[in-house]
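Listed here are the chains, written in short residue letters.
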Amino acid sequence: MKFFRHILLAAVAVAAISCSEEISPEVDRHPENDLIPMTFTAVADSETKVAYDGQNTFWQENDEIMVIAGNGVSAVFKVDKINDNIAIFKGELIESDTYYAVYPASAYLGNNLSENKIYAKVPNKQKAVAGSFDKDAFLSIASNGGKGNKLQFKNSCTVIGFQLAEPAGVKSVRFTANGQTNIAGNGVISTENIPIHGWDNTYSDRSSFDMITLEAPDGGFQSNTDYFLTIR
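Residues numbered from 1 in each chain as written. Predicted model: local features only at pLDDT ≥ 70, side-chain atom pairs only at ≥ 80, totals over all residues. Heavy atoms only, no water.

Enquirer: Describe in detail the side chain of threonine 191, supporting the description with residues and values.
Expert: Along the chain, threonine 191 turns up in the loop between β15 (185–190) and β16 (197–198). Its relative accessible area of 14% is what places threonine 191 among the buried residues. Leaving out residues up to four positions away in the same chain, threonine 191 has contacts with Tyr100, Leu113, Asn116 and Ile118. (Helix = DSSP H or I, 4+ residues; strand = E, 2+ residues; numbered from the N terminus. Buried < 20%, exposed > 50% of the residue type's maximum accessible area, 1.4 Å probe, protein only. Contact = heavy atoms within 4.5 Å.)

Here it is as structure tokens:
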């Protein structure tokens, strides 16, 4: 009986040790991967960015950029304040000396910063906007130059504008360029040659299109109205 009691006590002691180990596990910390709140000032060149008014381009509410730290970790940052061609973006990312950014965030496809590459797209299907262009198709790239929180954005695409004399019943407009087979698609930006968006045979998800389709806006195309599409 006494022997049995000793076995029970030993079992209880083992259970207590097990519970203690489960309740207080040792935490494996990697501070280099800790996300911290950050703010970036995004500055657009005089002819760079988002909502076009016929002469200038501006940031818009609800804009998002993908910010990439020097080790390749990325996170979406959302616009907080706008002042003409300057916008403040907030989010969380790891601490780094070097940062890159892609606008819009939806255009970002990944990176291989060990080879100085950022992957992004210019879509071959875009949505028409009266007096402007599809902001999800306007690819721009930025860098902080290896220091600070200022991101200088540069265009990675060109804007083509047109009007329709008789838009009734037009559901889409298709654009091609003579002799060009690569005006949209998935491509690569070299961090050493920002903002050129080009073809890279080593990129397995690369794609190229010789035609861009601009779909009619809600309510249809209107006459005497500027519409724009973007090409690589």
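Enquirer: An account of the nonpolar core is needed here, citing residue identities and associated values.
Expert: The biggest cluster of nonpolar side chains holds 27 residues, and the ones touching the most others in it are Ile68, Val102, Ile118, Leu139, Phe162 and Phe221. Every element with two or more residues in this core is listed here: β4 (64–69), β7 (99–103), β9 (117–122), β17 (211–215) and β18 (227–231). Residues within four places of leucine 139 in sequence aside, it is in contact with Val102, Tyr103, Pro104, Ala107, Ala120, Lys121, Val122, Lys154, Asn155, Ser156, Cys157 and His197. Residues Trp59, Ile65, Leu93 and Tyr103 belong to the second largest nonpolar core, which totals 21 residues. (Core = buried A, V, L, I, M, F, W, Y, C linked by side-chain atoms within 4.5 Å.)

Enquirer: Would you mind going over the pairing of strand β5 (residues 74–83) in detail, with residue names and values included?
Expert: With five bridges joining them, β4 and β5 adopt antiparallel strand pairing. Of the residues in β5, the one forming a bridge with valine 67 is alanine 75. Here β4 folds back onto β5, and the loop between the two strands holds four residues, one of which, glycine 72, carries a positive phi near 100°. Note that β5 and strand β6 (residues 86–93) share five bridges and pair antiparallel. Counterpart to lysine 81 in the pairing with β6 is isoleucine 88. (Pairing = 2+ DSSP bridges.)

Enquirer: Before we move on, can you summarise the packing of aromatic side chains with the specific residues and values?
Expert: Overall, the coordinates contain nine aromatic pairs when judged by the stated rule. Summarising the aromatic geometry, the rings of phenylalanine 40 and phenylalanine 77 are spaced 5.4 Å apart at their centres and angled 70° between planes, so their arrangement reads as edge-to-face. One end of the pair, phenylalanine 40, is in strand β1 (residues 36–44); the other, phenylalanine 77, is in strand β5, with 37 residues separating them in the sequence. Ring centres 6.2 Å apart and planes at 35° place the aromatic pair phenylalanine 162 and tyrosine 227 in the tilted group. Taken as a pair, phenylalanine 162 in strand β13 (residues 158–162) and tyrosine 227 in strand β18 lie far apart in primary sequence, 65 residues in all. (Phe/Tyr/Trp six-rings, centres within 6.5 Å; stacked < 30°, edge-to-face > 60°.)

Enquirer: Tell me what's going on with the sheet that holds β4, and back it up with residues and numbers.
Expert: In sheet architecture, strand pairing relies on hydrogen bonds along the backbone and comes in two forms, parallel and antiparallel. If you trace the seven strands once around the closed barrel, you get β1-β6-β5-β4-β7-β11-β12, paired in mixed fashion. Within this sheet the neighbouring strands show an average axis-to-axis angle of 30°, counted without direction. (Axes fitted to C-alpha atoms, helices over the stretch in contact; angles between N-to-C directions.)

Enquirer: So what's going on with the confidence of the model for the chain? Residues and values would help.
Expert: Regions with low pLDDT should not have their predicted coordinates read in detail. Summing up the model confidence of the chain, the mean pLDDT is 85 and the portion of residues at 70 or higher is 80%. With pLDDT under 50 throughout, residues 1–30 is counted as low confidence; its partners more than four residues away or in other chains account for one contact. (pLDDT = per-residue confidence, 0-100.)

Enquirer: Describe the sheet that holds strand β8 (residues 108–112), listing the residues and the values that go with them.
Expert: In spatial order, the strands read β8-β9-β15-β16; together these four strands make up an open sheet with antiparallel pairing. Edge positions in the open sheet fall to β8 and β16, since each of these has one partner strand only. Taken together, the two bridges between β15 and β16 define a ladder with antiparallel strand orientation. Note that in β16 the partner of isoleucine 189 across the bridge is histidine 197.

Enquirer: Just give me the short version of the pairing of β9, but keep the residues and values in it.
Expert: Regular strands show a simple pattern: their side chains alternate between the two faces of the sheet. Most of β9 sits inside the fold, with five of its six residues counted as buried. As judged from the four bridges shared by β8 and β9, these two strands associate in the antiparallel manner. Each residue of the ladder has a partner; that of asparagine 111, found in β9, is isoleucine 118.

Enquirer: Go over the environment of aspartate 136, please, and point to the residues and values.
Expert: As for its position among the elements, aspartate 136 is in the loop between β10 (125–127) and β11 (140–143). Relative accessible area serves as the criterion here: at 43%, aspartate 136 is assigned to the partly exposed category. With 33 residues separating them along the chain, aspartate 136 and tyrosine 103 place their C-alpha atoms 8.2 Å apart. Setting aside chain neighbours within four positions, we find aspartate 136 in contact with Pro104, Ser106 and Pro123.

Enquirer: Mind laying out unusual backbone geometry, listing which residues take part and the relevant values?
Expert: Each neighbour pair has its own omega, and for tyrosine 103 with proline 104 the value is -10°, a cis peptide bond. In this structure, proline 195 follows isoleucine 194 across a cis peptide bond, with omega equal to 15°. With respect to the helices and strands, the residue proline 195 is situated in the loop between β15 and β16. Within the chain, asparagine 116 stands out as a residue other than glycine whose phi angle is a positive 60°. One can find asparagine 116 in the loop between β8 and β9. For asparagine 116, a relative accessible area of 27% translates into the label partly exposed.

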